[in-house]
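# Reading the structure
As a plain string of letters, each chain reads:
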Amino acid sequence: MLYLCKLFNTMNKRKISKIIKRLRYLPTNKKLHLYIANKFKAIFLRISKSTKVAYPSTVMIELTNHCNLHCTICPREYRYGQEMDKGKMSVRQAKDIIDELWPYLDSIGLTGMGETFMYENLEEIVDYIKAKNKGIIISISTNAVLPHFIEKAKRVIGKIDTIQVSIDGTNSVYNAIRKGSSFSTLTSNLTELTKLCKGTTTSIMLNMVVTKENYTHMPRLVEYASEIGVKYVDFTLLNLAAVTDIDASYYNFYKSDSFLSVCSALEKTLKKYPKVTITSKNFKTQNSFQKCPFPWTHFYFTWDGFSVPCCAKPFPKELTFGNVINNRVLNILNSKGYREFREMWFKNQPPLFCKKCHFINIPPITSKSSS
């Protein structure tokens, strides 16, 4: 496993706390029977290598794909994103999805191609989920620089389990990548957000998409997290599946001596800041279509109801398996198109849709010391 992701203790602490919360608030009465039966069904389908799935334990609902920034690494800024329709999911539609799925859900992400806090009814949706079952883990992603961000965040602190903040570097590098933002504004908001979340059930995670422009800031981001009191940091390699202007040869950079040297420096920095932990990723194993989990989990629904293959390329004009506005979720997840997609997964034959995805195109990466 890439040393960035060697920290099993990190993964375990976060996951164990979530598991404990989930077990504490399992559905009751008849809903508990449904929940357990669905788990057994999922196990049976997996063992039998069926292309069908049970009701999902985790989904992603894109409440809006509007955003206040124009980040250079975001698919929104390239062809697929420029061609996508933009809007916000109706409260009724979001509740309809939740109504069908909640007895089976362990977690739900209320995020997508947009800035989550631009959705005016976010608190209402969060409250609706919690009213169904307090144990469903809720996460969102944000750039944390929207005007009046702190006022908006206050409404859901203690209700949402994880607020993931996109950062992608510090100071001038951050400003160059996250166009329309300000690192000073981000720092001010994060400092306040950390104080507000202290002592609550809401944790903060910083997420950095690692690129040629910002990779030297990886160690600095750990220091920064420690300075402002954020416990969790996530490093993600750039996924080019929906970044149309960059060739897949870009991935060769992640095998370069310069990148691996910074990885080694990051490892040393982590030892200096034991209170900061990194969530687990696995970039060392051989990549292929079968490494991708998304045909089977973390099902993604766009703001206008379309079921799309994954969060890296959530554009229904490129590929969709149906729409929940006029169909039940489980019918769509087991549609002919979705099952054919999973059949390709079993054969380890990636479709054209997945071209340039880092699950397929990045060769195994190890630290400089182990390469």
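Anyway, here's the lowdown on the structure attached to this text. Remember, predicted model here, so these are calculated numbers, not experimental data. (Residues numbered from 1 in each chain as written. Predicted model: local features only at pLDDT ≥ 70, side-chain atom pairs only at ≥ 80, totals over all residues. Heavy atoms only, no water.)

## Structural notes on the overall build of the protein
The number of helices and strands found in the protein is 13 helices and eleven strands. For 371 residues, the compact-globule estimate of 2.2 N^0.38 gives 21 Å, and the protein sits close to it at 20 Å. In terms of principal-axis extent, the alpha carbons of the protein reach across some 50 × 45 × 40 Å. Put simply, the protein has 371 residues, and 54% of those count as buried. Taking the intrachain contacts of the protein between residues at least 6 apart in sequence as the baseline, contacts between residues at least 24 apart amount to 75%. (Helix = DSSP H or I, 4+ residues; strand = E, 2+ residues; numbered from the N terminus. Rg over C-alpha atoms; globule rule 2.2 N^0.38 Å. Buried < 20%, exposed > 50% of the residue type's maximum accessible area, 1.4 Å probe, protein only. Contact = heavy atoms within 4.5 Å.)

## Some remarks on the environment of N175
Examined against the element boundaries, N175 turns out to sit in helix α7 (residues 171-177). Taking relative accessible area as the criterion, N175 reaches 34% and is therefore assigned partly exposed. As a C-alpha pair, N175 and P351 span 176 residues in sequence and 36 Å in three-dimensional space. In this structure N175 touches S181, S182 and F183, once residues within four positions along its chain are discounted. One polar contact links the side chain of N175 to the main-chain amide nitrogen of F183, over a distance of 2.9 Å. (Polar contact = N/O pair within 3.5 Å; in protein donor to acceptor, adjacent residues only side chain to side chain.)

## Description of the packing of aromatic side chains
Per the counting criterion, the structure on display carries 19 aromatic pairs. The interplanar angle of 50 degrees and the centroid separation of 6.3 Å between the aromatic rings of Y215 and F259 together place this pair among those described as tilted. One end of the pair, Y215, is in the loop between β7 (203-210) and α9 (218-228); the other, F259, is in helix α10 (residues 257-272), with 44 residues separating them in the sequence. Side by side, Y215 and F259 carry an identical accessibility label, which is buried. Through successive ring pairs, a cluster of aromatic residues spans Y215, Y250, F253, Y254 and F259. (Phe/Tyr/Trp six-rings, centres within 6.5 Å; stacked < 30°, edge-to-face > 60°.)

## Structural notes on the packing of α9 against α10
In the contact formed by α9 and α10, the axes pass within 8 Å of each other and the chain directions differ by 25 degrees. The angle between the axes of α9 and α10 places the two elements in the roughly parallel class. From α9, M218, P219, V222 and E223 reach across to α10, where they touch F259, V262, C263, A265, L266, T269 and L270. Partitioned by chemical class, the residues of the contact of α9 with α10 number nine nonpolar, one polar and one charged. (Axes fitted to C-alpha atoms, helices over the stretch in contact; angles between N-to-C directions. Parallel < 35°, antiparallel > 145°, perpendicular 65-115°, else oblique. Nonpolar A, V, L, I, M, F, W, Y, C, P; charged D, E, K, R; others polar.)

## Topic: the sheet that holds strand β8 (residues 232-237)
The mixed open sheet is built from nine strands, whose spatial order is β9-β8-β7-β5-β4-β3-β1-β10-β11. Lying at the two open borders of the sheet, with one neighbouring strand each, are β9 (277-278) and β11 (307-308). As paired elements, β7 and β8 share six bridges and run parallel to each other. Along β8, the bridge assignment pairs N207 with D234. (Pairing = 2+ DSSP bridges.)

## Notes on the nonpolar core
By size, the foremost hydrophobic cluster in this structure holds 106 residues, and its most contacted members are I108, L110, L193, L206, F235, Y254 and F259. Excluding residues that lie within four positions of it along the chain, F259 makes contacts with V210, Y215, M218, L237, F253, Y254 and I365. Counting eight residues, the second largest nonpolar core, distinct from the first, contains M113, Y300, V308 and F315. (Core = buried A, V, L, I, M, F, W, Y, C linked by side-chain atoms within 4.5 Å.)

## Thoughts on the pattern of salt bridges
According to the stated counting rule, one finds 17 salt bridges in the structure shown. The closest approach of N and O atoms between K317 and D85, which form a salt bridge, is 3.3 Å. With K317 in the loop between β11 and α11 (329-333) and D85 in the loop between α3 (79-83) and α4 (91-101), this pair connects stretches of sequence that are 232 residues apart. A residue is classified by how much of its surface remains accessible, and K317, at 52% relative accessible area, is exposed. (Salt bridge = Lys/Arg side-chain N within 4 Å of Asp/Glu carboxyl O.)

## A word on the side chain of T269
The residue T269 is located in helix α10 in this model. When residues no more than four places from it in sequence are discounted, the contact partners of T269 are P219, V222 and E223.

## Notes on the state of the cysteines
This structure, assessed with the given rule, holds zero disulfides. Here C354 stays free of any disulfide, with the sulfur of C357 as its closest cysteine sulfur at 6.3 Å. (Disulfide = S-S within 2.5 Å.)

## Describing the environment of C310
Counting through the fold element by element, C310 comes out in the loop between β11 and α11. Taking the C-alpha atoms as reference points, C310 and C354, separated by 44 residues in sequence, lie 9.7 Å from one another. Among all residues touching C310, those that are not within four sequence positions of it are F294, Y300 and F353.

## Brief notes about the pairing of strand β1 (residues 58-61)
Residues T58 and M60 point to one face of β1 and V59 and I61 to the other, with burial holding for every one of them. Where β1 and strand β3 (residues 107-109) come together, three bridges link them in parallel fashion. In the strand pairing of β3, V59 is matched with I108.

## Points about unusual backbone geometry
Not every positive phi belongs to a glycine, and A144 is a case in point at roughly 65 degrees. Assessed through its relative accessible area of 1%, A144 is described here as buried. Even without being a glycine, H298 presents a positive backbone phi close to 50 degrees. Mapped onto the elements, H298 comes out in the loop between β9 and β10 (299-301). You can call H298 partly exposed: its relative accessible area is 35%.

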